Amino acid sequence: MSEAKPYRISKHLVEKAFRLVRANQGAAGVDGQTVEAFEEDLKGNLYKVWNRMSSGSYFPPPVRQVEIPKGDGRMRPLGIPTVADRVAQMVVKLTLEPLVEPVFHQDSYGYRPGKSALDAVGAARVRCLRMDWVIDLDISDFFGSLDHDLIMKAVKHHTDLTWVHLYVDRWLKAPVQREDGSTESRTAGTPQGGVISPLLANLFMHYAFDGWMRRTYPSVSFERYADDVVIHCVSLFQAQVVLEAVRRRLKECHLELHPKKTKVVYCKDDRRRGKFGEYKFDFLGYTFRPRGAQGPRRKTFVGFLPAMSDKAAKKVRATVRSWNLGRNKNVDSLDTLARLINPTLRGWIQYYGRFYRSRCLHVVGLCLTNALVKWVMRKYKRFRGHWLRAYRWLGRIAARDGCLFAHWSLGAKLPAGR
């Protein structure tokens, strides 16, 4: 180290950080520079990041704010740092994550190595079969409300590296730039979309919620994915007591539970036939509710089970509509069309088809069949104006080549013609 470079940061670490940023891709920040443009002078750009971080002179530019639609019709602000800033954040993430990861709770699933959203859904599924009651927590404006002082306190508890403290503090305070070009300073929160933000959010919730639950209610199970939390209880009384305690605890940490979306749910099934106001909840794209199922020896029963949610199904339908297959003149054959859309289909089926696959295949099969029939009617003159004839022709293709489209190969049948 020297006076000019008081912080020991490896150039190899900066290079590794860029490789990870490149793999994640992402849009350009306020400077308009893409990952590809950054690579045009990769050596020089990475040297600038390393030089400024090592000298303590790195100051993050404003974060570009865009708004994306939420499932309930509202808009969610998303922060997009510049490519160089994403590299710098990745350097800190690679340094801080190994220090905090070993202490995180086993039922914290969000943005963690070796854990996934489907792991959280699977754990919730098992516990809903064992316990009768669920608390469905919804934290209002989670990423926008995180207290900066509490985040810094948690960071300093796990590392004495002053350069990590310095840059985390600067990222927390970096302004956001709206789409109209105006900027706004921040006194709370961390941009959803930043490389370092998920780790900071997990660290915050480890102390605000996970660790507190472990100390206060050690026998109460939960799953948490960032700010999506499900708590399992053995009785309505326990659920009500735990909910009020969690509400007070989060308020101490400057977080508020959404008064309408936070609720207690009864996990009703064949064995649990009591009455209560709420019988379903959504978690990570799945809706948990009483559903018919088939057990050993084809015996049917009603279980409290997860399946693709209505919100997820709505997004799938909107995506298929956005492809506008009926008017796509650039696709000359079903084979070409399959190559284009199969990666997306497989992604939907791999995620939403993990539990109660028939629901996912029904949603995907129905909306995609309608889109494919429209494409056939547009492509071939003999089918124009003849929906049923086009549908039957497509059915013969499916019977002959059942692996052409990803959902066909998994058993999604063409819905009945009209």
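All of the points below concern the structure found in this document. (Residues numbered from 1 in each chain as written. Predicted model: local features only at pLDDT ≥ 70, side-chain atom pairs only at ≥ 80, totals over all residues. Heavy atoms only, no water.)

A few words now on helix 10 (residues 236-252). Taking 1.5 Å of rise per residue, the 17 residues of helix 10 would be expected to cover 24 Å, and the 25 Å separating its terminal C-alpha atoms lies within 8% of that figure. Summarising the contacts, the buried residues of helix 10 are in contact with strand 3 (133-138), helix 9 (197-216), strand 7 (228-233) and strand 8 (263-266). One or two steps after helix 10, the chain reaches His254, where phi turns positive at roughly 65°. (Helix = DSSP H or I, 4+ residues; strand = E, 2+ residues; numbered from the N terminus. Expected span 1.5 Å × (residues − 1). Contact = heavy atoms within 4.5 Å.)

Take unusual backbone geometry next. One non-glycine residue, Ala226, lies in positive phi territory at about 60°. Structurally, Ala226 can be placed in the loop between strand 6 (222-225) and strand 7.

Bringing helix 14 (residues 387-400) into the picture now. The terminal C-alpha atoms of helix 14 lie 20 Å apart, and with 14 residues this matches the ideal 20 Å at 1.5 Å per residue to within 8%. Taken residue by residue, helix 14 has Trp387, Ala390, Tyr391, Trp393, Leu394, Ile397 and Ala398 as its buried positions. Along the axis of helix 14, the buried residues cluster in a sector spanning 165°; they form a single face. In helix 14, the exposed residues that point more than 90 degrees away from the buried face are Arg392, Arg396, Ala399 and Arg400. (Buried < 20%, exposed > 50% of the residue type's maximum accessible area, 1.4 Å probe, protein only. Arc of directions from axis to C-beta.)

Once that is clear, we can look at the side chain of His258. The topology assignment puts His258 in the loop between helix 10 and strand 8. Under the relative-accessibility criterion, His258 is labelled buried at 18%. Within the structure, His258 has its side chain in polar contact with the backbone nitrogen of Lys261 (distance 3.1 Å). In this structure His258 touches Asp138 and Ser140, once residues within four positions along its chain are discounted. (Polar contact = N/O pair within 3.5 Å; in protein donor to acceptor, adjacent residues only side chain to side chain.)

This part is about the environment of Ile80. Mapped onto the elements, Ile80 comes out in strand 2 (residues 75-80). Taking C-alpha positions, Ile80 is 6.3 Å from Gln65, a pair spaced 15 residues apart along the chain. In this structure Ile80 touches Ala27, Ala28, Gly29, Val63, Arg64, Val66 and Arg86, once residues within four positions along its chain are discounted.

What follows deals with the sheet that holds strand 5 (residues 183-184). Spatially, four strands are ordered 2-1-4-5 in an open sheet, and the strand pairing comes out mixed. Two strands close off the open sheet at either side, each with one partner strand: strand 2 and strand 5. Examined bridge by bridge, strand 4 (residues 176-177) and strand 5 share two bridges and lie antiparallel to one another. Note on strand 5: the bridge partner recorded for Gln177 is Thr183. (Pairing = 2+ DSSP bridges.)

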